[in-house]
Amino acid sequence: MIKIDNISHHIGKQQILHDVTVSLPSAQIIALIGPNGAGKSTLFSVMARLQPLQSGQVCFGEHDIASCHARTLSKTVAMLGQDNQVQGRLRVHELLMFGRYPYHQGQPTTNDQQKVQEIIERFELEPLAERFLSTLSGGQRQRVLIAMIVCQDTPYLLLDEPLNNLDMYHAGRLMRELRELSHSQQKTVVIVLHDINQAAQFADTVVTMKSGQVMAVGKPADVLTKETMKELYNVDVTVLSHQGRPVIVDTV
Ligand SMILES: Nc1ncnc2c1ncn2[C@@H]1O[C@H](COP(=O)(O)OP(=O)(O)OP(=O)(O)O)[C@@H](O)[C@H]1O
């Protein structure tokens, strides 16, 4: 379980997060949704200790981020941010091996090589494995970055808009792979999504955020309602149902 307790965060004089308190269940896909500027990325940065914890507490299972050793944290939580700079003169398989760094500390073992190969196959990256990152398209680069995060093999993954640049096939493939990882390997995947229907189709739990606060937590069918969409995005929608899950149609 991820326990987020009373997290407030200021940047300069502006308060970005207001007493965020939420418990997120393990071994699930948890979609974090909300309008632009709601504080989703800021919350992720605080959780992954990329920004200092100003108040409150975050625990990934038994690990409290305030006291957790850096190497332990890097084996516990992996995060894909929105602003990813990658070194173009690296080949894809070399970048994936970077994801294994917390384990090999610069000296990869056969186990690390096997893990990288497994992820290359799982994410259908064989045709790209020898390519330099500088030669990849935006969507290909995004797929490789996500694969690197998965190579880190942490029980908790924080993915900030991973579907950016992905076409319909690769977006669906990724969401299915993440669901498989969460259910068969008990990984807890928290994923910021702007595509509400991806959240509706794949999430086990949906968390909504607005103005630096958590508004609701629950199953997609309970949270993704006409009223919630109006409150969050000021958009009028029709909510249909497909195989027991909501489908949101913008009806403006
Ligand atoms: N470095 C910064 N300096 C000042 N304000 C910032 C900074 N970083 C973020 N903010 C502000 O904090 C608020 C929350 O931003 P954040 O990136 O966390 O939102 P978000 O929910 O991830 O948005 P989006 O969906 O647009 O990615 C926004 O109002 C943003 O302008």
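Residues numbered from 1 in each chain as written. Predicted model: local features only at pLDDT ≥ 70, side-chain atom pairs only at ≥ 80, totals over all residues. Heavy atoms only, no water.

- The chain appears in an unreviewed UniProt entry as Iron(III) dicitrate transport ATP-binding protein FecE from Psychrobacter aquaticus CMS 56.
- Recorded in UniProt under Subcellular location (unreviewed entry), the annotation for the chain is "Cell membrane".
- Its UniProt record, at the heading Sequence similarities (unreviewed entry), says of the chain: "Belongs to the ABC transporter superfamily." (UniProt positions renumbered as here; feature names shortened; annotations may be inferred.)

### Description of the sheet that holds strand β1 (residues 2-11)
Right, on to step 1. One open sheet holds the four strands; their spatial order is β2-β1-β4-β5, and the pairing between them is antiparallel. The open sheet terminates on both sides in strands that have one partner only, identified here as β2 (14-24) and β5 (63-64).
Right, on to step 2. Against the sheet, helix α1 (residues 40-47) touches β1, β2 and β4 (55-60), its axis set at about 115° to β1. (Pairing = 2+ DSSP bridges. Helix = DSSP H or I, 4+ residues; strand = E, 2+ residues; numbered from the N terminus. Contact = heavy atoms within 4.5 Å. Axes fitted to C-alpha atoms, helices over the stretch in contact; angles between N-to-C directions.)

### So, the packing of aromatic side chains
Right, on to step 1. What the rule picks out here adds up to one aromatic pair.
Right, on to step 2. The ring of Y103 is capped by R100, whose NZ or CZ atom sits 4.2 Å from the centre of that ring. (Phe/Tyr/Trp six-rings, centres within 6.5 Å; stacked < 30°, edge-to-face > 60°. Lys NZ or Arg CZ within 6 Å of the ring centre and 35° of its normal.)

### Some points on the UniProt feature "domain: ABC transporter" (unreviewed entry) in the chain
Right, on to step 1. Those places that UniProt annotates as "domain: ABC transporter" (unreviewed entry) correspond, in this numbering, to residues 2-236.
Right, on to step 2. Here residues 2-236 is 37% helix and 26% strand, with 33 Å between the C-alpha atoms at its ends.

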